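Chain residues, written in single-letter form:
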Amino acid sequence: MQSQPIDFHPPTEDAAPFLLPALGTLFVDRADRFAALAREHSLGDWLAFLGRLSQAQHDALKALPGLPLPDAAARQQARTHGMPPLDPARRPAGWRAILRHLAGQLEAEAPPAARAALTGLLTVDDARLEKMADVLLDGEIEAADAAALPFVAAALQVAYTVLASRLDVADLQKLDAHNVCPCCGSPAVASVVRLGAAINNLRYLHCSLCNSEWNVARATCTTCDTDQQVALQELEGSKGAVRAETCDACQSYLKIVYQDKDPNVDPVADDLATLALDLLVDEAGYQRAGPNLLLIGAHGG
Ligand SMILES: [Zn+2]
Ligand SMILES: [Zn+2]
């Protein structure tokens with residue numbers, strides 16, 4: 001493991017504060033990234049399957065059920081109270097149709113354990129699916145649900161990514177907690193240092209659920225806000241596209257991916273292709289600050 005100090009603090013006042021998900025490309029780009037990462041990887045079969053899951057998420061966009069946004073009064077009330085406009089605890093029922101669409105599409109080609117989970121998801125009733133969504137988002141994971149939860153997560157990601165893409169950035173506001181999504185209140189999966197004209201070299205946190213991004217200062221802990229005890233860790237032999245940003249003040253870490261090192265890097269896919277980095281920083285005593293929902297349950301959460 002290599003560690004290095006961080007010494008730059010670019011201003012963020014002029015940056016776009018929020019980047020809403022690009023619905024047309026997000027899941028298909030992620031599918032391509034999983035497929036590329038799967039080649040010559042010790043977890044290649046699993047990553048390749050997650051690529052097919054991402055493609056199924058993209059395909060689900062073509063046959064969307066009704067997904068109503070909260071009405072204007074509810075969005076205004078959330079804003080008044082400093083809350084995000086979307087609330088995963090009040091899910092539109094259409095997410096269950098997305099889940100059944102994903103399960104039907106993937107069942108035949110899934111590895112055996114996943115196939116059993118998908119078959120199960122196609123047979124359980126609505127109340128059971130809602131319970132599983134509650135468990136995924138805020139409950140204790142039970143072993144019996146573990147294999148099914150990544151698919152529940154994938155369906156909720158589709159629903160909330162669609163909803164977030166329909167929001168107006170003018171209605172969003174920065175929240176007091178920097179690691180929480182301003183659109184849906186979920187924790188960030190990782191942060192991205194972006195390439196691109198107006199956002200070059202700026203760092204954005206990426207929502208684990210709705211794929212929205214929000215600007216945060218670089219070289220600052222996204223959990224406790226200190227800029228004093230933050231360091232970057234990476235695997236030996238890494239080209240530096242994925243690092244873990246560790247904080248000695250709160251003992252947390254979150255990964256950070258760099259588009260200038262690899263323009264195709266993806267905060268969800270590259271996170272799951274670098275679990276060895278999680279092991280290293282876990283062993284050094286740091287707690288991960290946000291989940292990757294495609295991993296919850298599958299490998300013990
Ligand atoms: Zn979100
Ligand atoms: Zn911290």
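- Under an unreviewed UniProt entry, the name given to the protein is Protein FdhE homolog, and the source organism is Azonexus fungiphilus.
- Within the UniProt record for the protein, the comment given under Function (unreviewed entry) is "Necessary for formate dehydrogenase activity."
- Under the Subcellular location (unreviewed entry) heading, UniProt states for the protein: "Cytoplasm".

## Describing the environment of V28
And step 1. Tracing the chain through its elements places V28 in helix α1 (residues 26–38).
And step 2. Residues V28 and T246, spaced 218 residues apart in sequence, show a C-alpha to C-alpha distance of 31 Å.
And step 3. If sequence neighbours within four positions are ignored, V28 has contacts with Q55 and H58.

## Examining the pairing of strand β7 (residues 242–247)
And step 1. Counting buried residues in β7 gives six out of six residues, a clear majority hidden from the surface.
And step 2. Of the two faces of β7, the one carrying V242, A244 and T246 and the one carrying R243, E245 and C247 are both buried.
And step 3. Relative to β7, strand β6 (residues 230–234) is paired through four bridges, and the arrangement is antiparallel. Among the inter-strand pairings, V230 is bridged to a residue of β7, identified as C247.
And step 4. Sheet analysis places β7 next to strand β8 (residues 252–258), joined by six bridges and oriented antiparallel.

## A few points about the coordination of the zinc ion (ligand 1)
And step 1. Protein ligation of the zinc ion (ligand 1) involves C181 (SG), C184 (SG), C207 (SG) and C210 (SG), the donor distances falling in the range 2.3 Å.
And step 2. Because the angles between the four donor atoms bound to the zinc ion (ligand 1) fall within 99 to 117°, the donor set is best described as tetrahedral.
And step 3. Between consecutive donors of the zinc ion (ligand 1), the numbers of intervening residues give the motif C-x2-C-x22-C-x2-C. As far as the burial class goes, C207 and C210 line up, both buried.

## Considering the domain arrangement of the protein
And step 1. On domain assignment, one finds that the protein holds domain 1 (2–19 + 174–288) and domain 2 (26–170).
And step 2. The straight-line distance from the C-alpha centre of domain 1 to that of domain 2 is 23 Å.
And step 3. On the side of domain 2, 23 residues touch domain 1, which itself brings 24 residues to the contact.
And step 4. When residues of domain 1 are sorted by the area they lose upon contact with domain 2, C183, L209 and N211 head the list and together hold 28% of the total.
And step 5. Linking domain 1 with domain 2 are three salt bridges.
And step 6. D262 is paired through a salt bridge with R33; the nearest N and O atoms lie 3.2 Å apart.
And step 7. Of all the elements, helix α8 (residues 269–272) adds the most residues to the side of domain 1 that touches domain 2, at three residues.

## Here we look at the pattern of salt bridges
And step 1. Throughout the structure, instances matching the rule amount to 19 salt bridges.
And step 2. With its nearest N and O atoms 2.8 Å apart, the salt bridge here joins D126 to R100. A residue pair is termed long-range when its members are at least 10 positions apart, and D126 in helix α6 (residues 126–138) and R100 in helix α4 (residues 94–106) qualify at 26 residues.
And step 3. Using a relative accessible area of 33% as the deciding quantity, one classes D126 as partly exposed.
And step 4. Across the pair E245 and R203 runs a salt bridge whose closest N-O atoms are separated by 3.3 Å. Taken as a pair, E245 in strand β7 and R203 in strand β4 (residues 203–207) lie far apart in primary sequence, 42 residues in all.
And step 5. With relative accessibility at 1%, the residue R203 sits in the buried group.

## Observations concerning the packing of α6 against helix α7 (residues 149–165)
The description of two packed helices rests on the angle between their axes and on the distance between the axes.
And step 1. Across the interface, α6 lies against α7 with an axial gap of 10 Å and an inter-helix angle of 90°. With respect to each other, α6 and α7 are oriented roughly perpendicular. When α6 is examined against α7, the residues M132, A133, V135, L136 and L137 are found in contact with a partner set consisting of L149, V152, A153 and L156.
And step 2. Residue composition of the contact of α6 with α7, grouped by class: nine nonpolar, no polar and no charged.

## Quick word on the packing of aromatic side chains
And step 1. One pass over the full model with this rule turns up one aromatic pair.
And step 2. The ring centre of Y258 lies 5.0 Å from the NZ or CZ of R243, which sits over that ring.

## Structural notes on the UniProt feature "domain: FdhE C-terminal" (unreviewed entry) in the protein
And step 1. In the numbering used here, UniProt assigns the "domain: FdhE C-terminal" (unreviewed entry) feature to residues 221–295.
And step 2. Along residues 221–295 one finds 17% helix and 27% strand; the C-alpha atoms at either end are 23 Å apart.

## A word on the coordination of the zinc ion (ligand 2)
And step 1. Protein-derived ligands of the zinc ion (ligand 2) are C221 (SG), C224 (SG), C247 (SG) and C250 (SG), with the metal-ligand distances lying across 2.3 Å.
And step 2. In this structure, the zinc ion (ligand 2) is coordinated by four donor atoms arranged in tetrahedral fashion, with angles at the metal of 106 to 113°.
And step 3. Along the chain, the residues donating to the zinc ion (ligand 2) are arranged with the sequence spacing C-x2-C-x22-C-x2-C. In this pair, C224 is assigned in the loop between β5 (213–215) and β6 and C250 in the loop between β7 and β8, connecting sequence segments 26 residues apart.

So, how was this worked out
- Residues numbered from 1 in each chain as written.
- Chains lettered and ligands numbered in written order.
- Predicted model: local features only at pLDDT ≥ 70, side-chain atom pairs only at ≥ 80, totals over all residues.
- Heavy atoms only, no water.
- UniProt positions renumbered as here; feature names shortened; annotations may be inferred.
- Helix = DSSP H or I, 4+ residues; strand = E, 2+ residues; numbered from the N terminus.
- Contact = heavy atoms within 4.5 Å.
- Buried < 20%, exposed > 50% of the residue type's maximum accessible area, 1.4 Å probe, protein only.
- Pairing = 2+ DSSP bridges.
- Donors = N, O, S within 2.8 Å, 3.2 Å for Na, K, Ca; no water.
- Tetrahedral: all angles 85-135°; square planar, octahedral: opposite > 155°, others 65-115°.
- Domains from an automatic or database assignment.
- Buried area = accessible area lost by both parts, 1.4 Å probe.
- Salt bridge = Lys/Arg side-chain N within 4 Å of Asp/Glu carboxyl O.
- Axes fitted to C-alpha atoms, helices over the stretch in contact; angles between N-to-C directions.
- Parallel < 35°, antiparallel > 145°, perpendicular 65-115°, else oblique.
- Nonpolar A, V, L, I, M, F, W, Y, C, P; charged D, E, K, R; others polar.
- Phe/Tyr/Trp six-rings, centres within 6.5 Å; stacked < 30°, edge-to-face > 60°.
- Lys NZ or Arg CZ within 6 Å of the ring centre and 35° of its normal.

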